[in-house]
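Listed below are the residues making up each chain.
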Amino acid sequence: DGQPISTNGIVANIVVWVPPIPWSINTDFSSGTEMDAAVKKLATVWSDILSNWDFQSYNWQNGSNPSQFKGVAVINATGDVYSNYLGMGGWVNGEIKVFKKLSTGKYIIGGAFTGVAWVSVWRFAILNSDFSVDDSLTNLLGTWFDKSTASYTWVVYGAVEQTDGKVIVVGNFDLFNWASYNRIIRFNTDWSVDTSFSTNLSTWPWTTSQGIVWCVALQSDDKIVFGGAFSSFQSITSRRRIARVNADGTNDTWFVPWTAFSAWQVQQIKIQPDQKIVCCGTFTSYNATTRQRVCRILSTGSLDTTFGTTTGASATVSSIELDSLGNVYIVG
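**Focus: the nonpolar core**
Formed by 17 residues in total, the largest nonpolar core has its most connected members in Ile242, Phe261, Ile269, Ile277, Cys279 and Ile297. Of all the secondary structure elements, the ones that give two or more residues to this core are strand 17 (213–218), strand 20 (266–271), strand 21 (277–281) and strand 24 (294–297). By residue number, the principal contributor to this core is strand 20, which donates three residues. In contact with Cys279, not counting residues within four places along its chain, are Ile242, Phe261, Val266, Gln268, Ile269, Arg293, Val294, Cys295, Ile297 and Ile320. Within the second largest apolar cluster, 16 residues are counted, among which are Val98, Leu137, Val167 and Ile185.

Written out as structure tokens, the structure reads:
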């Protein structure tokens, strides 16, 4: 127990090294058949959320299916379905890309769907704490996100809540309730559009591969980092696939990435406590230096050469997560 002991009049401290426990499957977690298709997102709330359009059932047992779902399942710590959620089965008619809990206790979901729980909502919805659709906001906000041309698929890919309660939403859209908003929009706490937030993205091209904002992350100083497939940001070509703006949406001139990412896309961004930016995606270099699908950037926009190796990952890294020890986990 770390206390001094005495043997034959000699007082000494005993230190025992305990090796780390290797990772193993938690056999206490669920005994069912689990999902019937891919799971692409996990979110921790007071219970766990598994979300993606691909699966439609969870724990199919004994020839029956007590847990019918389309896109979202809520489970507890032992892997059992949250019983009060069963009535929500079969309620999302398209793929889910975003599932986040807000400081108000409500949830936001975004993706490629047009209906939630048989309510017409385009690519974005707000849920109450019991996961029912907030009809009052649905009626207020109307058609949500849309597109002006048929040349690409419009999807909500990311969202983040600021410390003041405002919510930034990003994706592959150019209309909100038939008003022009190009891939980025910010909402006030009452879900009205924050017209003071001007990102000036009208110069972006209108193609699927070049116009997408895949992700958004918030720094502790309220600066906002965007990642995606764009080849320029506010007409600045050095902001390829990554850009940082001030709290009002104007370009942050302190963030100078030089050539940034050479090609492809940034799919997710995480901000460390020291404000270093960890990115993952399909890219193979940053600032003309080889970085295979994962890299870390200093707050100035320069490459952190102390992080990672040039070999990196052999294929797409779709998600990253940080822990309290500073470790970075990647999956793809």
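That was the structure; now back to the text.
**Describing the packing of aromatic side chains**
All told, the structure shown has eight aromatic pairs when counted by the stated rule. Between Phe261 and Phe283, the ring centres sit 4.4 Å apart and the planes meet at 45 degrees, which makes this aromatic pair tilted. Of this pair, Phe261 sits in the loop between strand 19 (242–245) and strand 20 while Phe283 sits in the loop between strand 21 and strand 22 (285–286), and the two are 22 residues apart along the sequence. The residues Phe261 and Phe283 share a single accessibility class, namely buried. Put simply, the rings of Phe124, Phe176, Phe187 and Trp191 pair up and form one aromatic cluster.

**Focus: the pattern of salt bridges**
Tallying each qualifying case throughout the model produces nine salt bridges. With its nearest N and O atoms 3.1 Å apart, the salt bridge here joins Lys166 to Asp194. Of this pair, Lys166 sits in the loop between strand 12 (156–161) and strand 13 (167–171) while Asp194 sits in the loop between strand 16 (184–187) and strand 17, and the two are 28 residues apart along the sequence. Judged by relative accessible area, which is 6%, Asp194 ranks as buried. Note that Arg296 is salt-bridged to Asp304, the shortest N-O span being 2.7 Å. Considered together, Arg296 and Asp304 belong to a single accessibility category, that of buried residues. A single network of salt bridges, built from pairs that share partners, joins Lys166, Arg186 and Asp194.

**A short note on the sheet that holds strand 7 (residues 107–111)**
Spatially, three strands are ordered 6-7-10 in an open sheet, and the strand pairing comes out antiparallel. In the strand order of this sheet, the two ends are held by strand 6 (96–101) and strand 10 (124–127), each with one partner. Geometrically, the sheet is characterised by an average inter-axis angle of 15 degrees between neighbouring strands, direction not taken into account. With four bridges joining them, strand 7 and strand 10 adopt antiparallel strand pairing. Across the sheet, Gly110 pairs through a bridge with Phe124, a residue of strand 10.

**Things to note about the state of the cysteines**
Enumeration over the complete set of coordinates arrives at zero disulfides. Left unpaired, Cys279 is separated from the closest cysteine sulfur, that of Cys295, by 4.8 Å. Taking relative accessible area as the criterion, Cys279 reaches 0% and is therefore assigned buried. A residue is classified by how much of its surface remains accessible, and Cys295, at 0% relative accessible area, is buried.

**Concerning unusual backbone geometry**
Within the chain, Arg241 stands out as a residue other than glycine whose phi angle is a positive 70 degrees. Relative to the assigned elements, Arg241 resides in the loop between strand 18 (224–228) and strand 19. Of note, the phi angle at Asn287 is positive, near 50 degrees, even though the residue is not glycine. With respect to the helices, strands and loops of the structure, Asn287 is situated in the loop between strand 22 and strand 23 (289–290).

**Let's talk about the environment of Phe187**
Along the chain, Phe187 turns up in strand 16. By relative accessible area, Phe187 is classed as buried at 0%. Residues Phe187 and Val167 lie 20 residues apart in sequence; the distance between their C-alpha atoms is 5.2 Å.

**Comments concerning the side chain of Asp134**
For Asp134, the position within the fold is in the loop between strand 10 and helix 1 (135–141). The exposure class assigned to Asp134 is buried, which follows from its relative accessible area of 5%. A polar side-chain atom of Asp134 sits 2.4 Å from a polar atom in the side chain of Lys106. In this structure Asp134 touches Lys106, Ile126, Leu127 and Asn128, once residues within four positions along its chain are discounted.

**Notes on the confidence of the model for the protein**
In this model, the protein carries an average pLDDT of 75, and 64% of its residues clear a pLDDT of 70 or more. Taken together, the stretch residues 52–68 has pLDDT below 50 and engages in 63 contacts with residues farther than four places along the chain or on a different chain. Taken together, the stretch residues 202–208 has pLDDT below 50 and engages in 24 contacts with residues farther than four places along the chain or on a different chain.

**Focus: the sheet that holds strand 12**
What holds strands together in a sheet is hydrogen bonding between their backbones, with the strands either parallel or antiparallel. Judged by pairing direction, the sheet is antiparallel, and its three strands sit side by side in the order 12-13-16 without closing on themselves. Of all strands in the sheet, those with a lone pairing partner are strand 12 and strand 16, marking the two edges. Across the sheet, the axes of successive neighbouring strands diverge by a mean angle of 20 degrees, strand direction being ignored. The sheet contact formed by strand 13 and strand 16 spans four bridges and is antiparallel. For Val167, the partnering residue across the bridge sits in strand 16 and is Phe187.

Calculation rules
Residues numbered from 1 in each chain as written. Predicted model: local features only at pLDDT ≥ 70, side-chain atom pairs only at ≥ 80, totals over all residues. Heavy atoms only, no water. Core = buried A, V, L, I, M, F, W, Y, C linked by side-chain atoms within 4.5 Å. Buried < 20%, exposed > 50% of the residue type's maximum accessible area, 1.4 Å probe, protein only. Helix = DSSP H or I, 4+ residues; strand = E, 2+ residues; numbered from the N terminus. Contact = heavy atoms within 4.5 Å. Phe/Tyr/Trp six-rings, centres within 6.5 Å; stacked < 30°, edge-to-face > 60°. Salt bridge = Lys/Arg side-chain N within 4 Å of Asp/Glu carboxyl O. Pairing = 2+ DSSP bridges. Axes fitted to C-alpha atoms, helices over the stretch in contact; angles between N-to-C directions. Disulfide = S-S within 2.5 Å. Polar contact = N/O pair within 3.5 Å; in protein donor to acceptor, adjacent residues only side chain to side chain. pLDDT = per-residue confidence, 0-100.

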